Amino acid sequence: MKQDRRKVSNCRYTIGVDFGGTFVKLALVRFWEKGFRIEGFSSFETKNYNKDALIEQMVIRIIKLKAESTYKGNRVRGVGIGVPGRVDFDKGIVFDLTNVSGWKNVNLKDALQPKVKIPVLVDNDANLMALAESKFGAAKGHKDCICVTMGTGIGGGIILNHKVYRGISFAAGEIGHMTINENGPLCICGGKGCVERYIGNRYILEEAIRRLRGGAKSSVRAKLNGRYSNLTLEMLNSAARKKDPFSILIWQEVGKHMGAVLANVVNLLNPEIIVVGGGVAKAGALFLEPMRRIVKERAFQVSCRNLKIVASKFSNKAGIIGAAALVLANKEKK
Ligand SMILES: [Zn+2]
């Protein structure tokens, strides 16, 4: 009891918002020196709102969470928001969102701050996942860390000397768009042969379906009953765990592609730890092992000696924790 009282007296409250392609999730988070706890939560579906209505909905919910904290006698220090796209971190401008239409050059900070009356910070979601893992998760205690999120897209966040590295145009960490085949297929970014084009969710499934249509033998075939479009990553995941050679090979290839990219990252930055998260990462050991092996084969041995490659701790909660932690991290900087 005594210990808990001490924590309460030293704690700081912030609000974290994870603005995703499907849901907007908001949380009131209490931080103390070595940990945090989510004390209030709300969420709504992104697709039900156009840009202005969505901002209005955020305002309503932020004010509500703020009131919850005030009721408990605590001041909220600010709001951190993670969005799936490039952001001018200094000004709070969202340049573009990957999976949500109608968001071009929107100053989200200016739209929210006068209404919620506490500081608002906006950043790219992969940066914030990296921040969460670095401060409280799988990379806690490490000075430098690279965080890769594998889902529809392949995102990357870079932490150098405990701080997010954003780059001069706020575009650093685009690991998914590193080229692994200069003559490869066209990518959404306009480039060719980007790693995302091989191991983004959609493309893993596309390739598996192509092989199944071509007659490849697999235990997933019986479940599909000829409807190839019903194939999911979970099916490939569970079939591989039951030793289906076709599915095992798919995951090994994911590991090999990602390993080649990470070997480049390791040679470039010589990090202490790489954290891998996102939906695809649920397949865990099925591709983490081949990935680690390729990194070891391709990167400088001296860089691999002290390198750890681990699965993320927070998985889908990393975005919201990182967004809330951003408010405090930004204060530390100044
Ligand atoms: Zn690309």
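All values derive from a computational prediction rather than experimental measurement.

Mind laying out the packing of helix H9 (residues 245-269) against helix H10 (residues 285-298), listing which residues take part and the relevant values?
Here H9 crosses H10 at 40 degrees, and the two axes come no closer than 7 Å. If you check the angle between H9 and H10, you find them oblique. The handedness of the crossing between H9 and H10 is right-handed. Residues Trp251, Gln252, Val254, Gly255, Lys256, Met258, Gly259, Ala260, Leu262, Ala263, Val266 and Asn267 of H9 pack against Leu286, Phe287, Pro290, Met291, Ile294, Val295 and Arg298 of H10. When grouped by side-chain class, the residues that make up the contact of H9 with H10 number 13 nonpolar, four polar and two charged.

Residues and numbers for the pattern of salt bridges, please.
In the structure shown here, the tally under the stated rule is 11 salt bridges. Between lysine 104 and aspartate 96 there is a salt bridge, with its nearest N and O atoms 3.1 Å apart. Residue class for lysine 104 comes out exposed when judged on its relative accessible area of 57%. A salt bridge links arginine 166 to aspartate 123, with the nearest nitrogen and oxygen atoms 2.7 Å apart. Separated by 43 residues along the polypeptide, arginine 166 in the loop between strand E11 (163-164) and helix H5 (196-199) and aspartate 123 in strand E8 (residues 120-124) bring together distant segments of the chain. The exposure class of arginine 166 is buried, given its relative accessible area of 13%. For aspartate 123, a relative accessible area of 1% corresponds to the buried category. Each of Glu207, Arg210, Arg211 and Glu253 takes part in a single network of salt bridges with overlapping partners.

Outline the coordination of the zinc ion, listing residues and values.
By definition of the ideal shapes, four donors in a tetrahedron about a metal sit 109.5 degrees apart, and six donors in an octahedron sit 90 or 180 degrees apart. Looking at the metal site, the zinc ion is ligated by His177 (ND1), Cys187 (SG), Cys189 (SG) and Cys194 (SG), spaced 2.0 to 2.4 Å from it. Between the four donor atoms coordinating the zinc ion, the angles at the centre fall across 105 to 124 degrees, so the site counts as tetrahedral. Summarised as a motif, the one-chain spacing of the donors to the zinc ion is H-x9-C-x1-C-x4-C. Of this pair, histidine 177 sits in the loop between E11 and H5 while cysteine 189 sits in the loop between E11 and H5, and the two are 12 residues apart along the sequence.

Explain the packing of aromatic side chains residue by residue, including any values.
Counted by the stated rule, this structure contains seven aromatic pairs. One Lys or Arg, arginine 86, reaches over the ring of phenylalanine 95 and ends 4.2 Å from the middle of that ring. One Lys or Arg, arginine 166, reaches over the ring of phenylalanine 89 and ends 3.5 Å from the middle of that ring.

Thresholds, definitions, all that
- Residues numbered from 1 in each chain as written.
- Predicted model: local features only at pLDDT ≥ 70, side-chain atom pairs only at ≥ 80, totals over all residues.
- Heavy atoms only, no water.
- Axes fitted to C-alpha atoms, helices over the stretch in contact; angles between N-to-C directions.
- Helix = DSSP H or I, 4+ residues; strand = E, 2+ residues; numbered from the N terminus.
- Parallel < 35°, antiparallel > 145°, perpendicular 65-115°, else oblique.
- Left-handed = near helix turned anticlockwise from the far one by under 90°.
- Contact = heavy atoms within 4.5 Å.
- Nonpolar A, V, L, I, M, F, W, Y, C, P; charged D, E, K, R; others polar.
- Salt bridge = Lys/Arg side-chain N within 4 Å of Asp/Glu carboxyl O.
- Buried < 20%, exposed > 50% of the residue type's maximum accessible area, 1.4 Å probe, protein only.
- Donors = N, O, S within 2.8 Å, 3.2 Å for Na, K, Ca; no water.
- Tetrahedral: all angles 85-135°; square planar, octahedral: opposite > 155°, others 65-115°.
- Phe/Tyr/Trp six-rings, centres within 6.5 Å; stacked < 30°, edge-to-face > 60°.
- Lys NZ or Arg CZ within 6 Å of the ring centre and 35° of its normal.

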